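What follows is the residue order along each chain.
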Amino acid sequence: MTETKAPADQHRGKPAFAELDFSQSPFIVFWEMTKACALACRHCRAVAQPRRSPQELTTEEGLRLLGDIAGMGTPLMVLTGGDPLMRPDLMEFIKYGNDRGMRMSLAPSATRLVTPETMARAKEAGLARASLSLDGSTAEIHDAFRRTPGSYERTIRAIQAVGEAGVSLQINTTVTRYNLDDLKNMMDLVPKFKAVLWDLFFLVPTGRGQHDDMISPQQHETVFNWLYDLAGQAPFDIKTTAAEHYRRVAIQRRTEEARKAQVVTAPGFQYRDNIRRASKGVNDGNGCCFISHIGDVYPSGFMPIVAGNVRQQSVTEIYRKSSLFLELRDTSRLTGKCGRCEYNHICGGSRARAYAMTGDYLAPEPNCVYQPGSPT
């Protein structure tokens with residue numbers, strides 16, 4: 001896939017993402033604004049519930065949190081849940097973050113709350129992008145995964161609402177054994193929605209996600225190579241989540257292309273909604289952090305180990321100085337084949353998946369077939 005190098009990021013005088021030191025500044029921050037959600041999806045990390053919790057961060061606490069995050073270098077800020085649209089102060093948060101230079105993204109649930117009017121208000125407040133989850137090309141596949149009849153139709157209506165409001169769209173798909181054979185059909189749907197990005201999340205068995213729902217290590221490898229080929233042809237960009245070893249596949253493929261004098265991609269890609277993609281690998285606790293509805297800080301939403309709470313200390317201090325985050329950013333501490341792997345500085349394997357499947361976040365990536373030192 002050919003990319004053009006984006007100009008330096010002068011927004012608010014902050015450094016370009018390519019210059020970010022992940023030991024000091026995260027590329028992306030997720031805030032689980034609430035656990036409340038009307039859905040009960042099979043894979044749900046949040047184990048969402050019907051009503052809001054009285055322990056959620058207050059509006060004042062939320063604004064203080066966003067200010068602290070902006071102070072680390074205006075990362076991509078994802079407001080998620082549960083369903084963030086169930087917070088009546090959502091628009092205030094979007095405006096506050098946007099005014100401080102952050103790229104504000106929203107991950108609502110596909111419910112009747114997603115309307116063209118609501119999305120237009122969010123855009124006016126400064127929303128840069130909305131992401132919606134579509135896990136099958138048909139109602140039968142999607143609704144079975146989401147465990148909610150009618151979810152597919154509501155998702156399509158929500159996608160249309162985002163489009164009508166003129167908000168940039170991202171489609172998220174969780175890759176599991178239930179939809180593995182449907183991914184090619186999904187590929188055909190994404191451009192019809194005019195999405196700028198297709199984000200494929202390779203399941204981490206946490207929350208409602210189960211071990212048996214994951215695809216096999218070899219199937220990961222097959223999908224990675226298919227995605228690499230697709231990326232050179234698709235009218236949208238492709239991103240993987242919890243699939244750090246895709247980077248190794250991409251480097252191997254690019255190395256082979258370079259040997260054949262083919263074009264190799266350049267860093268610094270920027271989407272047409274001005275949200276940039278990270279030019280180096282983001283991993284749990286390394287360029288990423290997650291804040292729960294009650295203020296607990298995690299390396300990601302898929303690694304349920306608390307490093308601190310924003311009600312007791314700043315998220316900046318937790319991200320930069322907590323022993324958990326420091327360990328996760330030190331690839332020399334990785335064990336097994338990840339510790340020996342020549343790609344561990346740019347891959348490192350999913351620390352969340354390693355923890356979910358072994359209880360050790362420094363253990364090897366369980367779903368990687370590569371053996372260190374193998375010919376590329």
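For the structure, check the block above.
Here's a quick rundown of the structure. The shown structure was predicted, so the numbers you read here are calculated from the model rather than taken from an experiment.

Reading guide: rules and limits
- Residues numbered from 1 in each chain as written.
- Predicted model: local features only at pLDDT ≥ 70, side-chain atom pairs only at ≥ 80, totals over all residues.
- Heavy atoms only, no water.
- Helix = DSSP H or I, 4+ residues; strand = E, 2+ residues; numbered from the N terminus.
- Buried < 20%, exposed > 50% of the residue type's maximum accessible area, 1.4 Å probe, protein only.
- Contact = heavy atoms within 4.5 Å.
- Areas by Shrake-Rupley, 256 points an atom, 1.4 Å probe, with all protein chains shown as cover.
- Expected span 1.5 Å × (residues − 1).
- Disulfide = S-S within 2.5 Å.
- Pairing = 2+ DSSP bridges.
- Core = buried A, V, L, I, M, F, W, Y, C linked by side-chain atoms within 4.5 Å.
- Salt bridge = Lys/Arg side-chain N within 4 Å of Asp/Glu carboxyl O.
- Phe/Tyr/Trp six-rings, centres within 6.5 Å; stacked < 30°, edge-to-face > 60°.

**Concerning the overall build of the protein**
Counting secondary structure elements, the protein contains 12 helices and 10 strands. Scored against the burial criterion, the 376 residues of the protein give a buried share of 59%. If you take every contact in the protein between residues at least 6 apart in sequence, the share linking residues at least 24 apart comes to 74%. When the accessible area of the protein is evaluated, it comes to approximately 15700 Å², of which 49% is carbon and sulfur surface.

**A word on helix α1 (residues 59-70)**
When the terminal C-alpha atoms of α1 are compared, their 16 Å separation across 12 residues agrees well with the 16 Å that a helix rising 1.5 Å per residue should span. For α1, the set of buried residues is Glu61, Gly62, Leu63, Leu65, Leu66, Ile69 and Ala70. Buried residues belonging to α1 abut β1 (28-32), β2 (76-80), α2 (90-99), β8 (288-291) and α9 (315-321).

**Things to note about the state of the cysteines**
In this structure the tally under the stated criterion is 0 disulfides. Left without a disulfide partner, Cys341 is nearest to the cysteine sulfur of Cys347, which lies 6.5 Å away. Its relative accessible area of 14% is what places Cys341 among the buried residues.

**Concerning the sheet that holds strand β5 (residues 168-175)**
Across the sheet, which stays open at both edges, the 10 strands sit in the order β7-β6-β5-β4-β3-β2-β1-β8-β9-β10 with mixed pairing between neighbours. One side of each edge strand has no neighbouring strand; the edge strands of this open sheet are β7 (237-241) and β10 (308-309).

**Section: the nonpolar core**
Judged by nonpolar contacts, the single largest core of 83 residues is most densely connected at Trp31 and Trp198. For Trp198, the contacting residues outside a window of four places in its chain are Ile171, Thr173, Leu183, Met186, Met187, Val190, Trp226, Leu230, Phe236, Asp237, Ile238 and Lys239. With 14 residues, the next largest nonpolar core counts Leu324, Leu328, Ala352 and Leu362 among its residues.

**A short note on the pattern of salt bridges**
On inspection of all chains with the given rule, the structure shows 13 salt bridges. For Arg311, the salt bridge identified is with Glu61, shortest N-O distance 2.9 Å. Taken together, the residues span a long stretch of sequence, with Arg311 in the loop between β10 and α9 and Glu61 in helix α1 at a distance of 250 residues. On the basis of relative accessible area, Arg311 is assigned to the partly exposed category, the value being 36%.

**Considerations on the packing of aromatic side chains**
Considering all chains together, one arrives at 10 aromatic pairs under this definition. Look at Trp31 and Phe93: their rings are 4.9 Å apart centre to centre, the planes differ by 75°, and that puts the pair in the edge-to-face class. Of this pair, Trp31 sits in strand β1 while Phe93 sits in helix α2, and the two are 62 residues apart along the sequence. Phe93 sits in the buried class, given a relative accessible area of 0%. With centroids separated by 5.6 Å and ring planes inclined at 65°, the aromatic side chains of Phe224 and Tyr246 adopt a geometry described as edge-to-face. With Phe224 in helix α7 (residues 217-231) and Tyr246 in helix α8 (residues 246-259), this residue pair connects regions lying 22 residues apart in the sequence. As far as the burial class goes, Phe224 and Tyr246 line up, both buried.

**Notes on the environment of Thr316**
Inspection of the secondary structure puts Thr316 in helix α9. Taking C-alpha positions, Thr316 is 6.9 Å from Ile69, a pair spaced 247 residues apart along the chain. The residues touching Thr316, leaving out its near neighbours within four places in the chain, are Asp68 and Met72.

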